[in-house]
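Working through the structure, step by step
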Amino acid sequence: MTDWNAVLWGFVAGIVAGVFAFVLPVIGHVGAGLIAGFVAGYLAGGGIGSGAWHGLLAGSIGGIALALIAGVFGAVLGGLAGGPVGSFFGGAGIFVLGLLIAFVFAIDSAIGGAIGGLLS
């Protein structure tokens, strides 16, 4: 059974850590995913499998939320620079890139969640 409270706290921890991750672009975002997963896995408990599952959920929800925000931002900037066509391609391109980043964020969150579940 999924502990949505643990997933929510992992999501919040990932967003907060993700804001500070811009200081170290690649390492920081990987670390943010690990932190989000660890928090969700630790709070959920239940061992490695449960921790990985809760970390995966927290990381994927956080990554998709960031992808949506980046897609809207790209659509607005594309619309200002290139009209309706620029808005579509700007938003869609950034959204697809954001989904790829969300996938990576979910994987390292699952690893962090497995560690958190192991230590709980």
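The structure we're discussing is the one just above.
The paragraphs below set out a description of the structure included in this document.

Basis of the calculations
- Residues numbered from 1 in each chain as written.
- Predicted model: local features only at pLDDT ≥ 70, side-chain atom pairs only at ≥ 80, totals over all residues.
- Heavy atoms only, no water.
- Helix = DSSP H or I, 4+ residues; strand = E, 2+ residues; numbered from the N terminus.
- Buried < 20%, exposed > 50% of the residue type's maximum accessible area, 1.4 Å probe, protein only.
- Contact = heavy atoms within 4.5 Å.
- Areas by Shrake-Rupley, 256 points an atom, 1.4 Å probe, with all protein chains shown as cover.
- Expected span 1.5 Å × (residues − 1).
- Bend = angle between axes of the 7 residues up to and from the residue.
- Axes fitted to C-alpha atoms, helices over the stretch in contact; angles between N-to-C directions.
- Parallel < 35°, antiparallel > 145°, perpendicular 65-115°, else oblique.
- Nonpolar A, V, L, I, M, F, W, Y, C, P; charged D, E, K, R; others polar.
- Polar contact = N/O pair within 3.5 Å; in protein donor to acceptor, adjacent residues only side chain to side chain.

1. Re the overall build of the chain
A count of helical and extended segments in the chain gives three helices and zero strands. Along the longest, intermediate and shortest principal axes, the C-alpha atoms of the chain span 50 × 30 × 20 Å. The buried share of the chain, taken over its 120 residues, is 34%. Pairs at least 24 residues apart make up 74% of the contacts formed inside the chain by residues separated by at least 6 positions. For the chain, the exposed surface amounts to about 6,700 Å²; the carbon and sulfur share of it is 86%.

2. What to know about helix α3 (residues 48–119)
Between its first and last C-alpha atoms α3 spans 9 Å; for 72 residues at 1.5 Å apiece the expected length is 106 Å, and the helix comes up short by more than 12%. Its maximal kink placed at Gly82, α3 deviates by approximately 150°, while the proline Pro84 follows within four residues.

3. Here's the deal with the environment of Trp9
Following the sequence through the fold, Trp9 ends up in helix α1 (residues 4–20). We classify Trp9 as partly exposed; its relative accessible area is 46%. In the structure, Trp9 is positioned 81 residues away from Gly90 in sequence and 32 Å away in space, judged by C-alpha atoms.

4. So, the packing of helix α2 (residues 25–44) against α3
For the pair α2 and α3, interaxial distance at closest approach is 7 Å and the crossing angle is 45°. Taken together, the axes of α2 and α3 lie oblique to each other. The residue makeup of the contact of α2 with α3, split by class, is 13 nonpolar, 13 polar and one charged.

5. Description of the side chain of Ser109
Inspection of the secondary structure puts Ser109 in helix α3. Within polar-contact distance, the side chain of Ser109 engages the backbone oxygen of Gly33 at 2.9 Å. Ser109 has contacts with Gly33, Ala36, Gly37, Gly55, Leu56 and Gly59, leaving out every residue within four places of it along the chain.

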